[in-house]
Each structure stands twice: as C-alpha cells, then as structure tokens.
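Listed below are the residues making up each chain.
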Amino acid sequence: MSKKNLITSVLLIGTFIVLLVATFFLSEKIPFHFDANGEAGWYASKYFILLLTPVPYLIYHQFTHKKK
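Throughout, residues of each chain are indexed from 1 in the direction in which the sequence is written. Predicted model: local features are reported for residues with pLDDT of at least 70 only, side-chain atom pairs are reported and counted for 80 or more only, and whole-chain, interface and lining totals are derived from all residues. The basis for every side-chain value is the complete set of non-hydrogen atoms in the structure, without hydrogens or water.

Student: Honestly, the overall build of the protein in this entry has me stumped. Any pointers?
Tutor: Numbering of helices and strands runs from the N terminus, with a helix taken as a DSSP run of H or I at least four residues long and a strand as a DSSP run of E at least two residues long. Helices and strands together make up the secondary structure of the protein, namely three helices and two strands. Going from the N terminus to the C terminus, the protein shows its helices and strands as α-β-β-α-α. Compactness check: the protein gives a C-alpha radius of gyration of 16 Å against a globular reference of 11 Å for 68 residues, more than 25% above the reference. Along the first, second and third principal axes, the C-alpha set of the protein runs to 45 × 30 × 15 Å. Across the 68 residues of the protein, 13% fall into the buried class. In what follows, residue pairs with any heavy atoms lying within 4.5 Å of each other are defined as contacts. Within the protein, contacts between residues separated by at least 24 positions form 37% of all contacts whose residues are at least 6 apart in sequence. Counting only carbon and sulfur atoms, one obtains 70% of the accessible surface of the protein, whose full area is about 5,700 Å². In this description the radius of gyration comes from C-alpha coordinates, and the expected globular size is given by 2.2 Å times residues to the power 0.38. Summary of the burial criterion: residues with accessible area below 20% of their type's maximum are buried, those above 50% are exposed, and those between are partly exposed, where the area comes from a 1.4 Å probe applied to protein chains only. Values of accessible area rely on a 1.4 Å probe in the Shrake-Rupley scheme; residue burial ignores everything except the protein chains shown.

Student: Explanation requested: the pattern of salt bridges in the structure shown.
Tutor: When a carboxyl oxygen of Asp or Glu is within 4 Å of a side-chain nitrogen of Lys or Arg, the pair counts as a salt bridge. All chains considered together, the criterion is met by one salt bridge. Note that Lys-46 and Glu-28 form a salt bridge whose closest N and O atoms lie 3.4 Å from each other. Of this pair, Lys-46 sits in the loop between strand 2 (40-45) and helix 2 (48-52) while Glu-28 is found in the loop between helix 1 (3-22) and strand 1 (29-34), placing the two residues 18 residues apart along the sequence. Relative accessible area serves as the criterion here: at 7%, Lys-46 is assigned to the buried category. Overall, the relative accessible area of 52% leaves Glu-28 in the exposed class.

Geometric descriptors of this kind do not, in isolation, establish any biological role.
Below, the structure is given as structure tokens:
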C-alpha cells in the first residue's frame, strides 16, 4: 500500500470512529435540509451520518485513480 493510500485510509477510518462515538451524544433525529426561512425540512436518523462517511473518500478515489 502506498503512503498516499495509507493516509487516506487512516483519515477515512478515523473519521468513521469519531462519528461512531459522536452518535451516542446526538439526538435521535438530525435536520439535514433547511429552507430559505431557516426551518428544517428534512430529518434523518442519527445513524444516517455513518452511511455518509465514505462518500468523500469514494469521490476522492474516483478522481485520483482514473484508468488511462
């Protein structure tokens, strides 16, 4: 594994661990979308953020590992 892949993997795993610990302190419903008036329009479970953790890594991986 190259140093670049190791760093990104450590960041992904570290972020996941921080969010896993944070879920115990969050309320059951978290607002994710706000309208122009600043009112929450869409709520999600606190565990939904764990599903979104790998998304930035996957986007990064897609753009940095293009097949030539």
